[in-house]
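Here are the chains, one letter per residue:
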Amino acid sequence: MNLILSDRPLRLPETDRGGTECIDLSKLHIANCVGCFGCWTKTPGKCVIRDDAVQVYPLIAQSDRVLYVSRVKYGSYDTTMKTMLERAIPVQQAFIRLWNGETHHVQRNVKPKQAVIIGYGDLSEEEKDIFRQLVARNANNMSFASWRVVFVPEQEVEQAVQSEVQSWEK
């Protein structure tokens with residue numbers, strides 16, 4: 001399965017995307033994580049907050065490929081994407097493992113995935129460097145077998161997404 005998570009509506013051609021799901025996070029109701037760790041202790045693997053996020057994070061875990069589309073703000077994901085990523089913590093277990101000399105959470109039935117992160121906005125080189133570092137750190141916790149970051153101006157987002165989806169079809 002392939003997944004596109006976007007913090008904004010995307011106007012993509014209506015073609016058969018065979019196994020690709022596109023989710024516009026801006027249209028969903030996703031509350032902030034409250035840090036209760038209920039997804040680890042009370043209801044393992046399930047967030048205790050019952051909103052639209054509970055439909056999304058299982059798709060992230062099951063995906064072979066994921067394409068994140070997010071405005072970059074202050075070197076990080078913008079609010080909509082950051083909120084979703086924080087709410088995806090139920091796909092990890094409370095247990096810690098050592099990996100490459102660092103501590104990381106044990107994944108809960110998460111497929112290793114190819115990830116592409118399209119960051120858009122009017123960005124300085126410093127913001128791009130900070131965002132690349134953030135994605136690299138997140139990749140260790142999110143079962144990315146491989147990943148890369150692509151920066152585009154806002155007006156080129158749809159074209160960049162189409163290009164990535166087309167490369168999946170080859």
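Description of the structure in this document.

The next point concerns the overall build of the chain. Per the secondary structure count, the chain includes five helices and eight strands. Along the chain, helices (α) and strands (β) appear in the sequence β-β-α-α-β-β-α-β-β-β-α-β-α when read from the amino end. Scaling as 2.2 N^0.38, a compact globule of 170 residues should have a C-alpha radius of gyration of about 15 Å, and the chain matches this with 16 Å. By residue count, 46% of the 170 residues in the chain fall in the buried class. By sequence separation, contacts in the chain at least 24 residues apart represent 69% of the contacts at least 6 residues apart. If you sum the accessible surface of the chain, you get close to 9,200 Å²; carbon and sulfur atoms cover 49% of it. With 21 positive and 21 negative side-chain charges, the chain shows a separation of 7 Å between the mean positions of the two kinds.

Formed by 33 residues in total, the largest nonpolar core has its most connected members in Leu-5, Leu-25, Ile-60, Tyr-68, Met-84, Ile-117 and Phe-144. Here this core gets seven residues from one element, more than from any other, and that element is helix H2 (residues 53-62). Membership of the second largest hydrophobic core comes to 14 residues, among which are Tyr-120, Val-157, Ala-160 and Val-161.

Let us look at the pattern of salt bridges. A full pass over the atoms with the stated rule returns 11 salt bridges. Here Arg-8 and Glu-154 are joined by a salt bridge, their closest N and O atoms 3.7 Å apart. In this pair, Arg-8 sits in the loop between strand E1 (2-6) and strand E2 (20-24) while Glu-154 sits in the loop between strand E8 (144-152) and helix H5 (157-169), placing the two residues 146 residues apart along the sequence.

Our next topic: helix H4 (residues 125-141). Along an α-helix, residues three or four positions apart point the same way, because every turn accommodates 3.6 residues. The terminal C-alpha atoms of H4 lie 25 Å apart, and with 17 residues this matches the ideal 24 Å at 1.5 Å per residue to within 8%. Here the buried face of H4 lies against strand E3 (65-73), strand E4 (76-77), strand E5 (92-99), strand E6 (102-107), strand E7 (113-120) and E8. Immediately beyond the C-terminal end of H4, within one or two residues, lies Ser-143, with a positive phi of roughly 60°.

Right, let's talk about the side chain of Asp-24 for a bit. Within the secondary structure, Asp-24 sits in strand E2. For the buried Asp-24, no salt bridge is present, and the opposite-charge side chain at shortest range is Lys-27, 4.0 Å distant. Separated by 2.5 Å, the side chains of Asp-24 and Ser-26 make a polar contact. Each residue touching Asp-24, except ones within four places of it in the same chain, is listed here: Ser-6, Asp-7, Arg-8 and Pro-9.

A few words on the layout of surface pockets. The volume enclosed by the largest pocket comes to roughly 440 Å³. When residues of the lining of the largest pocket are traced back to their parent elements, those giving at least two are H2, E4, helix H3 (79-87), E6 and H4. Its residues placed into classes, the lining of the largest pocket shows 12 nonpolar, six polar and three charged.

Let's shift gears to the pairing of E5. The sheet contact formed by E5 and E6 spans five bridges and is antiparallel. Paired with Ile-96 across the bridge in E6 is His-105. Hairpin remark: E5 followed by E6, antiparallel, with two residues in the connecting loop; positive phi at Asn-100, about 55°.

Attention now goes to the environment of Ile-130. Take Ile-130: it is sitting in helix H4. Overall, Ile-130 belongs to the partly exposed group, its relative accessible area being 38%. Sequence separation of Ile-130 and Tyr-74 is 56 residues, and the distance between their C-alpha atoms is 8.4 Å.

Cut-off values and rules
- Residues numbered from 1 in each chain as written.
- Predicted model: local features only at pLDDT ≥ 70, side-chain atom pairs only at ≥ 80, totals over all residues.
- Heavy atoms only, no water.
- Helix = DSSP H or I, 4+ residues; strand = E, 2+ residues; numbered from the N terminus.
- Rg over C-alpha atoms; globule rule 2.2 N^0.38 Å.
- Buried < 20%, exposed > 50% of the residue type's maximum accessible area, 1.4 Å probe, protein only.
- Contact = heavy atoms within 4.5 Å.
- Areas by Shrake-Rupley, 256 points an atom, 1.4 Å probe, with all protein chains shown as cover.
- Lys, Arg positive; Asp, Glu negative; His and termini not counted.
- Charge placed at Lys NZ, Arg CZ, Asp CG, Glu CD.
- Core = buried A, V, L, I, M, F, W, Y, C linked by side-chain atoms within 4.5 Å.
- Salt bridge = Lys/Arg side-chain N within 4 Å of Asp/Glu carboxyl O.
- Expected span 1.5 Å × (residues − 1).
- Polar contact = N/O pair within 3.5 Å; in protein donor to acceptor, adjacent residues only side chain to side chain.
- 1 Å grid on protein atoms, 1.4 Å probe; cavity = no way out; pocket = protein on both sides within 12 Å on 5 of 7 lines; lining within 4 Å.
- Points joined across faces, edges and corners; volume = space filled by probe spheres on them.
- Nonpolar A, V, L, I, M, F, W, Y, C, P; charged D, E, K, R; others polar.
- Pairing = 2+ DSSP bridges.

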